[in-house]
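Residues per chain, in single letters:
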Amino acid sequence: MLRTIQEWTVQHALQTQHENWFMAIPKLMAFIAILLLWGIVRLPSLHDAWSANLGPPLINRIMARNRFKDIMQHLRFDDKDTRGERVATDRFAAISDVWGSFVANCITSYNPGRHITIDEQLFPTKTRCCFLQYIATKPDKFGIKFCVACDLKSKYVCKIIPYLGKDPSRPPGERLSENVVMKLMEPFMDKGRTVTTDNFFTSLSLARRLHSRKTTLLGTVNKIRRELPDSAKKNLAREEFSTQVFSTSGATLTVYVPKRKKTVCLLSSVHSVVETEATRKKKPNTVTDYNSMKCGVDVMDQMVRKYTVRSGTRRWPVAVFYNMIDIAALNTHVLYQACTGVKERRVDFLLELANELARSHMAAKEVNEQNLQQQPPTRDVGKRALCQVKCCCRKNRATKRCMYCDKFACGKCIKEVWQCQNCSQNLY
C-alpha cells in the first residue's frame, strides 16, 4: 500500500512542476506519523502543529511544514492517466486499489468473535463527489457513507464497504440492504456467528439466507415490511410493557410496547423461545439482547472520532484516506492488545505508533545533517529554475540551490557568506 501511494505521488509531482521530486517510503511513514500526532493534539488548524507555542516539538523534529504541505499537495493513490477509463466501471477508482488492500488486511488480520454488528458510518466531509450523502439525522449532515461490519467485543472493523450509489453488479430483484449484509458477512459465514442490524437491513428473507449459511440474525424491523403480519403493523390499543410473539420457520418476531402508542418489532433467528423479565417493564429477552449487541459500530465511530486525523480537504480520496488511517489506528490498537496481552491507553499507543513510524526517517535525517556539516558550504550551480523559497519570489528564476534544503533560491532569497582566504583555508 505504501509503495502504491509513493509511486503515484511521485508521478504526480514529476508531471506537474518538480523535475527532481522524490519521496521515500520512510518519509511517507513520517507523513502518516504527523497525521496521527495531529489527531492526538487537535489544534485549531493543521498548520498550527508547527507553531512554536501551540504545536508539539516532535512534529517539528520529524518534518518541516513546507515539506509536509508539499507531500499533501501531490498525495495521490492511483494512476491519473488511466483513471478516466476506470471511472466508467468504478466510481471509487481514485483510491480503489489502496482501499481494496486495506480491507483485505482487515479481514485476514483478525478473527472476530461470535457477535458482529452491521451499521452505517457517515464520514464527515463536503468535498465534491457523485456519491456524497446528506443525512439530516446525523450530527454532521454531509459525508461519505460506509457500511461497516464490526466485532462487538473489541470494536475491530472486520470489513467496510463504501456506498457509491446504484450498484450494477447487484442481482435484479435483490434488496440493497440484503446485498450489503451478504457482502460484509461473506468472509465470516458458516461459523455460527450472530449478526445484529437495524431496521434498514433486517428482513425475513435476509434471516433465511443467513440461516442457510449457519449464521443467525437479530435486529429491529421496519413496520412497512410486507412480510410482517397485519396485526403487528397496526397500532392497536396494546397495554404498556406488553409483548406479542409471532413465529415462522427459523425466525421469531417480537412486538414489544415500551410506552403508550409506540411499538418495537424485533426479528430474531437466535431465540427459539421468548421470555420476559420479572421486572416492571417486563422486557423480553430479544429486546435485552438487542440493546446489548446493537452498539458495536456506534461505539467504534465514537472511538475513531476522538483521535481522528481528519482535516479540511477539497479532494474526496484524501478524505477517504483520513478515514482509512483512523480505522487502521483503531484496528492496530486492538491487534496489539490481543497479541501482547498488554492493556494500554489508546492515546499512549497512538503516540508510540507515531514515534515508530517516524523513527527511520528521523534517523536518516540526522545522518544527512551530520554529512552536511562536514561538507564545505558551497552551493551547486545548475540550470535555471523557479525560486522555491518565498511565495512572492515564485516567478523569479534561480540557478543556485540551498546547501541544507536543496531548494532553488533566487538572488533575494540567497544569503551570502563572506570569508577571507585564510579563514576559508583554516576552516576546510
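Keep in mind it's a predicted model, so treat the numbers as computed, not measured. (Residues numbered from 1 in each chain as written. Predicted model: local features only at pLDDT ≥ 70, side-chain atom pairs only at ≥ 80, totals over all residues. Heavy atoms only, no water.)

## Focus: the overall build of the chain
Okay, so step 1: Within the chain, the secondary structure is distributed over 14 helices and twelve strands.
Okay, so step 2: A compact globule built from 428 residues would reach a C-alpha radius of gyration of about 22 Å, whereas the chain, at 28 Å, exceeds it by more than 25%.
Okay, so step 3: The principal-axis extent of the C-alpha atoms belonging to the chain is close to 100 × 45 × 40 Å.
Okay, so step 4: For the chain, buried positions account for 44% of its 428 residues.
Okay, so step 5: Here the contacts in the chain between residues at least 6 apart in sequence split such that 56% fall between residues at least 24 apart.
Okay, so step 6: Accessible surface computed for the chain: about 23600 Å², of which carbon and sulfur atoms make up 51%.
Okay, so step 7: Side-chain charges in the chain split into 68 positive and 39 negative, and the spacing between the mean points of these groups amounts to 5 Å. (Helix = DSSP H or I, 4+ residues; strand = E, 2+ residues; numbered from the N terminus. Rg over C-alpha atoms; globule rule 2.2 N^0.38 Å. Buried < 20%, exposed > 50% of the residue type's maximum accessible area, 1.4 Å probe, protein only. Contact = heavy atoms within 4.5 Å. Areas by Shrake-Rupley, 256 points an atom, 1.4 Å probe, with all protein chains shown as cover. Lys, Arg positive; Asp, Glu negative; His and termini not counted. Charge placed at Lys NZ, Arg CZ, Asp CG, Glu CD.)

## Concerning empty space enclosed by the protein
Okay, so step 1: Scanning all chains against the criterion turns up one cavity of 30 Å³ or more.
Okay, so step 2: Estimated volume of the largest cavity: approximately 30 Å³.
Okay, so step 3: What lines the largest cavity is simply Trp 8, Gln 11, His 12, Gln 15, Arg 76, Asp 78 and Lys 80.
Okay, so step 4: Of the residues belonging to the lining of the largest cavity, the class tally is one nonpolar, three polar and three charged. (1 Å grid on protein atoms, 1.4 Å probe; cavity = no way out; pocket = protein on both sides within 12 Å on 5 of 7 lines; lining within 4 Å. Points joined across faces, edges and corners; volume = space filled by probe spheres on them. Nonpolar A, V, L, I, M, F, W, Y, C, P; charged D, E, K, R; others polar.)

## Description of the UniProt feature "transmembrane region" (unreviewed entry) in the chain
Okay, so step 1: Mapped onto this numbering, the UniProt entry gives "transmembrane region" (unreviewed entry) at residues 21–41.
Okay, so step 2: Annotation note: span residues 21–41, helix share 81%, strand share 0%, distance between end C-alpha atoms 30 Å. (UniProt positions renumbered as here; feature names shortened; annotations may be inferred.)

## So, the nonpolar core
Okay, so step 1: The biggest cluster of nonpolar side chains holds 102 residues, and the ones touching the most others in it are Phe 31 and Phe 321.
Okay, so step 2: Ranked by the residues each element gives to this core, the list is headed by helix H12 (residues 316–340), at twelve residues.
Okay, so step 3: Discounting residues that sit within four places of it in the chain, Phe 31 has contacts with Met 63, Phe 68, Ile 71, Met 72, Leu 75 and Phe 321.
Okay, so step 4: Within the second largest apolar cluster, nine residues are counted, among which are Phe 408, Ala 409, Cys 410 and Ile 414. (Core = buried A, V, L, I, M, F, W, Y, C linked by side-chain atoms within 4.5 Å.)

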